[in-house]
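Spelled out from the first residue to the last, the chains are:
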2 protein chains.
Amino acid sequence: MPALGNGTRMFRFAQHADARGGLSVAELGAGLPFRPARLFLIHDVPAGARRGAHAHRRCCQLAVAVAGELTIRCDDGRTREDFRLRRPDEGLYLPPLTWTELGQFVPGTVLLVLASEPYDAADYVRDPAEFRRLTGG
Amino acid sequence: MPALGNGTRMFRFAQHADARGGLSVAELGAGLPFRPARLFLIHDVPAGARRGAHAHRRCCQLAVAVAGELTIRCDDGRTREDFRLRRPDEGLYLPPLTWTELGQFVPGTVLLVLASEPYDAADYVRDPAEFRRLTGG
C-alpha cells in the first residue's frame, strides 16, 4: 500500500472471521504502533464537509474508518498522497508532522482516531508556512 | 445510567459538534479509564448471532458501538444488567471479572473494544462455574 517518506502508511489489521462475524485486531507491536492516551470519533459529517488541515508536532495517530468511507490527504512536506479509508480492518498510521485534510465522507461514516498524547493545543500546527518550515520544505 | 457493583457502567464522551459534524472525545482521566494495549472491532455480525460468554481475570475493556446498536449483558457475579449501546459517544466500561454476552446486533453494527492488556488466552474465564467461584457467588 502507498506510504510517505515520513512513515505514513496504511496497513491491515489481523482478521479472525467465523460464523459469528468479523473480528479485526490490533495490538502493540502488531497494528498498534503506540499506546493511546486519547481517542476521538468523528461522526455525522455533513455532505461536502472537510476537516483537519493541521499537523501535530509530537502526537502520533492511527485512523480507522470504522463505518463508511473517507479520504485523508497526507503531506509530509515532501510528498502528498490521498489515502481512501473504507474498511474497519484497515488503519492509517500518521506520524508527527503529517499535514492531514479529511474529505469525501460518504453518509454514515464514522472515523476512529487513536492518539498517542493527551490533548494539547500547543501541539497543533495550523499554519501551512510554519509546517513547511518545520519539515524543511 | 445503570451500573453494576463491580464498576461496570455506561458514560458519555465529551461532545464537540459544529458545522463540520460531530466529534466525541475520550482521554485518560476523562472517559478513557486505562491506556489501551489492544483494540478490536467486531463487524459483519449475522442476524441473530451472539458473541462473548466469557470474562477476563485482569483485562479491563471499554466498548463503544461506533455504528449501529447491540446489547451487552453484564454480570459481576452478583447482579446482571443489559446495556444497550447505540451511539458513538457512549462507552461501556467493563472491569475485570465481568461476564459479558453480546447480542441483538442491528445490521451494520460495528463494535469497538479497547483492552488494557495484550492478548493472553490464560486471561479468559470461559467456564461459568469458575466465574461463580472467582466472584464468590
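Residues numbered from 1 in each chain as written. Chains lettered and ligands numbered in written order. Predicted model: local features only at pLDDT ≥ 70, side-chain atom pairs only at ≥ 80, totals over all residues. Heavy atoms only, no water.

Quick look at the overall build of chain A
- On a plain count of helices and strands, chain A comes out with one helix and 13 strands.
- Ordered by position from N to C terminus, the α and β elements of chain A give β-β-β-β-β-β-β-β-β-β-β-β-β-α.
- Here chain A has a C-alpha radius of gyration of 15 Å; the compact-globule value for 137 residues is 14 Å, and the two agree.
- Overall size of chain A, expressed as C-alpha extent along the three principal axes, is 50 × 35 × 30 Å.
- Buried residues in chain A amount to 53% of all 137 residues.
- Once local pairs closer than 6 in sequence are excluded, the contacts in chain A between residues at least 24 apart make up 76%.
- Total accessible area on chain A is roughly 6,100 Å²; 50% of this is exposed by carbon and sulfur atoms. (Helix = DSSP H or I, 4+ residues; strand = E, 2+ residues; numbered from the N terminus. Rg over C-alpha atoms; globule rule 2.2 N^0.38 Å. Buried < 20%, exposed > 50% of the residue type's maximum accessible area, 1.4 Å probe, protein only. Contact = heavy atoms within 4.5 Å. Areas by Shrake-Rupley, 256 points an atom, 1.4 Å probe, with all protein chains shown as cover.)

Focus on the pattern of salt bridges
Residue and element names in this part refer to chain B.
- One pass over the full model with this rule turns up 22 salt bridges over all chains.
- For the salt bridge of Arg 50 with Glu 101, the shortest nitrogen-to-oxygen distance reads 3.6 Å. Taken together, the residues span a long stretch of sequence, with Arg 50 in the loop between β5 (38-43) and β6 (51-56) and Glu 101 in strand β11 (residues 99-103) at a distance of 51 residues.
- On the basis of relative accessibility, which here comes to 26%, the residue Glu 101 falls in the partly exposed class.
- Between Glu 69 and Arg 86 there is a salt bridge; the shortest N-O distance is 3.7 Å. (Salt bridge = Lys/Arg side-chain N within 4 Å of Asp/Glu carboxyl O.)

Points about the relation of the copies chain B and chain A
- Rotating chain B by 180° and translating it 0.0 Å along the rotation axis places it on chain A, where the RMSD comes to 0.0 Å. Such a combination of rotation and displacement between the chain copies is what one expects of a two-fold axis.
- Comparing interface residues between copies, 100% of those in chain B also sit at the interface in chain A, which points to an isologous, same-surface contact. (Least-squares fit on C-alpha atoms with pLDDT ≥ 70 in both.)

With respect to unusual backbone geometry
Residue and element names in this part refer to chain A.
- You will see that Ala 53, though not glycine, has its phi angle at about 65°, which is positive.
- Its place among the elements puts Ala 53 in strand β6 (residues 51-56).
- You can call Ala 53 partly exposed: its relative accessible area is 35%.

Looking at the sheet that holds strand β11 (residues 99-103) of chain A
Residues and elements named next belong to chain A.
- Strands sit in the order β9-β8-β11-β6-β13 across an open sheet of five strands; the sheet is antiparallel. Only two strands of the sheet have a single neighbouring strand rather than two, namely β9 (80-85) and β13 (124-125).
- Of the pairings in the sheet, the one linking strand β8 (residues 70-75) to β11 comprises five bridges and is antiparallel in character. Pairing of Arg 73 across the sheet is with Glu 101, part of β11. (Pairing = 2+ DSSP bridges.)

A word on the packing of aromatic side chains
All names here are of chain A.
- This structure, assessed with the given rule, holds six aromatic pairs over all chains.
- Aromatic side chains Tyr 119 and Tyr 124 sit 5.7 Å apart centroid to centroid with 55° between the ring planes, which places their arrangement in the tilted category.
- Note on Tyr 124: relative accessible area 14%, which makes it buried. (Phe/Tyr/Trp six-rings, centres within 6.5 Å; stacked < 30°, edge-to-face > 60°.)

Remarks on the interface of chain B and chain A
- Each side of the interface is counted separately: chain B has 40 residues, and chain A has 40 residues.
- With both chains or domains summed, chain B and chain A bury close to 3,200 Å², and 57% of this area falls on carbon and sulfur atoms.
- Viewed at the interface, chain A and chain B are joined by zero salt bridges.
- Viewed at the interface, chain A and chain B are joined by 19 residue pairs in polar contact (both at pLDDT 80 or more).
- Residue contributions to the side of chain B that touches chain A peak at seven residues, all from strand β3 (residues 22-28) of chain B.
- Looking at the side of chain B that touches chain A residue by residue, the classes come out as 25 nonpolar, seven polar and eight charged. (Buried area = accessible area lost by both parts, 1.4 Å probe. Polar contact = N/O pair within 3.5 Å; in protein donor to acceptor, adjacent residues only side chain to side chain. Nonpolar A, V, L, I, M, F, W, Y, C, P; charged D, E, K, R; others polar.)

Focus on the sheet that holds β11 of chain B
- Here we have five strands laid out as an open sheet, ordered β9-β8-β11-β6-β13 (chain B), and antiparallel in their pairing. Edge strands, defined here as strands with exactly one partner in the open sheet, are β9 (80-85) and β13 (124-125) of chain B.

Quick word on the nonpolar core
- By size, the foremost hydrophobic cluster in this structure holds 32 residues, and its most contacted members are Leu 114 of chain A together with Leu 114 of chain B.
- Every element with two or more residues in this core is listed here: β5 (38-43), β7 (61-67) and β12 (110-115) of chain A together with β5, β7 (61-67) and β12 (110-115) of chain B.
- The contact partners of Leu 114 of chain B, leaving out residues within four places of it in the chain, are Leu 39 and Leu 114 of chain A together with Leu 32, Phe 34, Pro 36, Arg 38, Leu 39, Cys 60, Gln 61 and Leu 62 of chain B. (Core = buried A, V, L, I, M, F, W, Y, C linked by side-chain atoms within 4.5 Å.)

Remarks on the environment of Gly 77 of chain B
- Tracing the backbone through its elements, the reader meets Gly 77 of chain B in the loop between β8 (70-75) and β9.
- Sequence separation between Gly 77 of chain B and His 43 of chain B is 34 residues; the distance between their C-alpha atoms is 28 Å.

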